[in-house]
Amino acid sequence: MINLSPRLKLISDFVPLDSKVMDIGCDHGLLDIYLYQNKNKKVKKIIASDINSSALNNAIENIKANNLEKKIETRLSDGLENIHAEDEIDTLVIAGMGSNTIVNMLKKDIEKLDKIKTIIIQSNTKLEFLRRELVKLNYYISDESIVEDNKKIYIVIKFVKGRKKYTKKELYFGPILLFTKQSLFQKYAKDNLKKMKCVLSSIPKNKILLRYKLKKEIYLYHDVV
């Protein structure tokens, strides 16, 4: 069985049993290969897609090397653009993109979300914005976790079709991360707080609005760490 990095392994753990998956931005296709090789997952279908033909070719080569070309379909696609009704995709995996890119991608083909029950996202930017926008699209946070991979910290969030209300603090930090209080999350929060204080000290005092917004964020962190 193929070995995954801790980040990709966490993403794979969030993929539902018997799901039909489209991996958007599949890169080398390692996650998709693992999902088929892992009998505990039993995915019914996987489409590995990427907007970049070079990245997709890398995935195709890896899929062929593992004799899975008849199991894993590959598609050159800009986001959800090349998902079709007959694919019956119910799960999206989107990893390694910025939150603005992800949200714009989903809204661009919003009608295709009708059949999507689960969206698993790993983004390195603006997670409060990401959570808030996915909630507006009628998804709730069913799971989330944090992992360290190659000295970087990543957060993976599993959104499921449905509605829930969240506080500002829950959207900012993640309702499940706040509840479970993992030690790595505490490290992540403390590191971010330290960085934000450094940024605040460098902002001129005449930038009142900018300093005010940052102080509000710092206040939220003080409430957590």
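Right above here is the structure, for reference.
Residues numbered from 1 in each chain as written. Predicted model: local features only at pLDDT ≥ 70, side-chain atom pairs only at ≥ 80, totals over all residues. Heavy atoms only, no water.

Peer 1: Explain the packing of helix α8 (residues 183-202) against helix α9 (residues 208-222) to me, using residue names and the numbers behind them.
Peer 2: Running from N to C, α8 and α9 point in directions that differ by 155 degrees, and their axes come no closer than 10 Å. It follows from the interaxial angle that α8 and α9 lie roughly antiparallel. Here α8 and α9 pass one another in a crossing that is left-handed. Contacts between α8 and α9 involve Ala189, Asn192, Leu193, Met196, Lys197, Val199 and Leu200 on the former and, on the latter, Arg211, Leu214, Lys215, Glu217, Ile218, Tyr221 and His222. (Axes fitted to C-alpha atoms, helices over the stretch in contact; angles between N-to-C directions. Helix = DSSP H or I, 4+ residues; strand = E, 2+ residues; numbered from the N terminus. Parallel < 35°, antiparallel > 145°, perpendicular 65-115°, else oblique. Left-handed = near helix turned anticlockwise from the far one by under 90°. Contact = heavy atoms within 4.5 Å.)

Peer 1: For the sheet that holds strand β2 (residues 45-50), give the residues involved together with the corresponding values.
Peer 2: Spatially, 7 strands are ordered β3-β2-β1-β4-β5-β7-β6 in an open sheet, and the strand pairing comes out mixed. Two strands lie at the open edges of the sheet, namely β3 (72-76) and β6 (139-149), each paired on one side alone. Between one strand and the next, the sheet's axes are offset by a mean angle of 15 degrees, whatever the strand orientation. With 5 bridges connecting them, strand β1 (residues 20-24) and β2 associate as parallel partners. Opposite Lys20, over in β2, you have Lys45 as the bridge partner. (Pairing = 2+ DSSP bridges.)

Peer 1: Describe helix α2 (residues 30-37), with residues and values.
Peer 2: Buried residues of α2: Leu31, Asp32, Ile33, Tyr34 and Leu35, and no others. In this structure, the buried residues of α2 make contact with α1 (6-13), β1, β2, α3 (53-65), β3 and β4 (91-97). (Buried < 20%, exposed > 50% of the residue type's maximum accessible area, 1.4 Å probe, protein only.)

Peer 1: Talk me through the packing of α1 against α2; I want residue IDs and the actual numbers.
Peer 2: Running from N to C, α1 and α2 point in directions that differ by 50 degrees, and their axes come no closer than 10 Å. As summarised for this structure, α1 and α2 are arranged oblique, according to the angle between their axes. At the point where α1 passes α2, the crossing takes the right-handed sense. Taking contact as the criterion, the partners of Leu8, Lys9, Ile11 and Ser12 in α1 are, on α2, Leu30, Leu31, Tyr34 and Leu35.

Peer 1: Explain the pattern of salt bridges to me, using residue names and the numbers behind them.
Peer 2: The full count for this structure, using the stated rule, is 11 salt bridges. As a salt-bridge pair, Glu88 and Lys20 come within 2.7 Å of each other at their nearest N and O atoms. With Glu88 in the loop between β3 and β4 and Lys20 in strand β1, this residue pair connects regions lying 68 residues apart in the sequence. Among the ionic pairs, Glu133 bridges to Lys136, the shortest N-O distance being 3.3 Å. Highlighted residues: Glu133 and Lys136, both in helix α5 (residues 127-136), separated by 3 residues, approximately one helical turn. Of the residues examined, Glu133 reaches a relative accessible area of 7% and is grouped as buried. Lys136 gets classed as exposed once you look at its relative accessible area, which sits at 55%. Within this structure, Lys45, Glu73, Arg75 and Asp87 form a network of salt bridges that share partners. (Salt bridge = Lys/Arg side-chain N within 4 Å of Asp/Glu carboxyl O.)

Peer 1: Please give an account of unusual backbone geometry that cites residues and values.
Peer 2: The backbone of Asp27 shows a phi angle near 55 degrees, a positive value even though the residue is not glycine. Positive phi values are uncommon outside glycine, yet Asn150 reaches one of about 55 degrees. Topologically, Asn150 is positioned in the loop between β6 and β7 (152-161).

Such coordinate-based values are descriptive only and should not be taken to indicate function.
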